[in-house]
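# Observations on the model geometry
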Number of protein chains: 2
Amino acid sequence: MAEKHELRDKGLRLTPQRELVLAAVRELEHATPEEVAEKVKLTHPGINLSTVYRNLETLENVGLVQHSHLGHGGVRYHASTEEIHAHLNCESCGTIIEVPIDATASFTQSLLDGYGFHTDLAHLAIAGRCESCFNMPEAPNKP
Amino acid sequence: MAEKHELRDKGLRLTPQRELVLAAVRELEHATPEEVAEKVKLTHPGINLSTVYRNLETLENVGLVQHSHLGHGGVRYHASTEEIHAHLNCESCGTIIEVPIDATASFTQSLLDGYGFHTDLAHLAIAGRCESCFNMPEAPNKP
DNA sequence: AAGCAACTGCAAATCTTTCGCAATTAGTGT
DNA sequence: ACACTAATTGCGAAAGATTTGCAGTTGCTT
Ligand SMILES: [Mn+2]
Ligand SMILES: [Mn+2]
Ligand SMILES: [Zn+2]
Ligand SMILES: [Zn+2]
């Protein structure tokens with residue numbers, strides 16, 4: 001009954017679809033809307049993709065989920081309850097390394113000092129190559 | 001005429017469309033394919049958008065231009081001749097602050113030391129808020 | 001139980017990027 | 001200058017991702 005209040009307290013209705021979307025985002029980390037929809041369909045096959053999109057937007061508006069951009073591809077959602085982290089996204093193999101935001105503090109501070117810029121490292125990923133891909137002559141794949 | 005050789009050496013042709021696309025990328029900084037097309041149309045109204053896309057890809061393959069992702073929106077292209085820089089993208093007003101890559105060296109080094117990750121800060125922008133937007137109660141706009 | 005606004009499913013509309021193909025044309029050699 | 005050939009272009013259609021209009025359904029309040 002805990003999440004019942006989470007939604008209602010935000011003035012939202014508690015529909016099965018909405019509950020399931022929130023649960024899916026929490027279980028799948030960094031999931032695309034498509035992936036969320038697949039997950040929800042396991043228990044609620046009739047859900048429509050547009051309902052997933054609308055619920056992701058609604059849940060984001062009330063702060064229960066957040067989106068980030070991990071690379072060339074589309075948006076991904078994660079629960080707000082997760083630790084705030086930056087994403088290192090390997091452009092070769094697609095691996096995502098999570099970096100606690102403290103580890104980036106001195107960098108973001110230097111951007112503030114040097115440019116007056118208040119950095120939000122969680123919103124966009126940091127691109128690059130992971131160790132093993134960097135040591136390879138050719139890129140294994142391009143996700 | 002330097003790019004003439006760069007193109008021909010790869011077995012590529014120097015067409016008016018291709019020249020104009022390259023020129024447009026060089027003049028417009030951080031331009032979307034759509035913006036490049038608009039610019040080219042000023043002198044070559046008949047150019048097709050798919051031609052612009054194909055030429056941007058071709059020019060990137062030979063290393064004359066590069067793309068980066070600046071925010072929620074689509075891809076943007078800039079000439080390879082520009083200094084390598086990271087982009088600080090204000091999520092409120094859309095302003096882009098360019099940061100020389102040296103200014104980020106200690107951060108990328110720490111990601112290498114801590115995670116074995118070889119960072120490419122030019123490919124994805126860094127999101128956040130510029131000074132003036134940060135000091136505003138409400139976001140002026142969301143580009 | 002009734003009423004209403006919020007929500008959902010569905011289909012169609014957008015928007016962005018890609019693709020197939022026939023016609024054109026740049027670069028090469030004659 | 002002329003011809004040849006493969007690269008390139010324009011065009012329309014296709015594909016993928018996200019949004020929207022609308023009529024019917026349903027959660028929540030009274
Ligand atoms: Mn990219
Ligand atoms: Mn975003
Ligand atoms: Zn990798
Ligand atoms: Zn700003």
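Now for a look at the structure at hand. Since this is a predicted model, take the numbers as computed values, not measurements. The residue count restarts for each chain, going from 1 along the sequence in the order it is written. The naming scheme follows written order: chains are lettered A onward, ligands numbered 1 onward. Residues qualify for local features only when their pLDDT is at least 70, as the model is predicted, and side-chain atom pairs are given and counted only at 80 or more; totals for whole chains, interfaces and linings, by contrast, use all residues. To obtain the side-chain values, all non-hydrogen atoms of the structure were included, while hydrogens and water were left out.

Should a side-chain nitrogen of Lys or Arg be within 4 Å of a carboxyl oxygen of Asp or Glu, the pair is scored as a salt bridge. Following the criterion strictly, the structure yields 7 salt bridges over all chains and no others. Residue Arg26 of chain A pairs with Glu6 of chain A through a salt bridge whose shortest N-O separation is 3.2 Å. Of this pair, Arg26 of chain A sits in helix 2 (residues 16-27) while Glu6 of chain A sits in helix 1 (residues 2-8), and the two are 20 residues apart along the sequence. Working definition: with a 1.4 Å probe on protein chains only, accessible area under 20% of the residue-type maximum means buried, over 50% means exposed, and in between means partly exposed. Judged by relative accessible area, Arg26 of chain A falls into the partly exposed class, the value being 30%. A relative accessible area of 27% means that Glu6 of chain A is categorised as partly exposed. For Lys41 of chain B, the salt bridge is made with Glu38 of chain B, and the minimal N-O distance between the two is 3.9 Å. Linking Lys41 of chain B with Glu38 of chain B, this pair stays in helix 3 (residues 33-41), spanning 3 residues, or about one helical turn. Lys41 of chain B gets classed as partly exposed once you look at its relative accessible area, which sits at 33%. Secondary structure is summarised from DSSP: a helix means a run of H or I of at least four residues, a strand means a run of E of at least two, and numbering begins at the N terminus for each.

This next bit is on the interface of chain A and chain B. Taken residue by residue, the interface counts 34 residues in chain A and 34 residues in chain B. Where chain A touches chain B, the interface holds 0 salt bridges. Two N or O atoms form a polar contact when they lie within 3.5 Å of each other; inside protein one atom must be a possible hydrogen donor and the other a possible acceptor, and for residues adjacent in sequence the pair counts only when both atoms belong to side chains. Linking chain A with chain B are 10 residue pairs in polar contact (both at pLDDT 80 or more), by the criterion used here. Elements supplying a minimum of two residues to the side of chain A that touches chain B: strand 1 (65-69), strand 3 (85-90), strand 4 (96-100), helix 5 (105-115), strand 5 (118-119), strand 6 (126-129) and helix 6 (131-134) of chain A. Each residue is assigned to one of three groups, with Ala, Val, Leu, Ile, Met, Phe, Trp, Tyr, Cys and Pro labelled nonpolar, Asp, Glu, Lys and Arg labelled charged, and all others, Gly among them, labelled polar. In terms of residue class, the side of chain A that touches chain B is made up of 18 nonpolar, 11 polar and 5 charged. Any two strands are treated as partners once DSSP identifies two or more bridges connecting them. Across 2 bridges, the pairing between strand 5 of chain A and strand 6 (residues 126-129) of chain B is antiparallel. In the sheet register, His118 of chain A faces strand 6 of chain B, and the bridge partner there is Arg129 of chain B. In this analysis, two residues are considered to be in contact whenever any of their non-hydrogen atoms come within 4.5 Å of each other.

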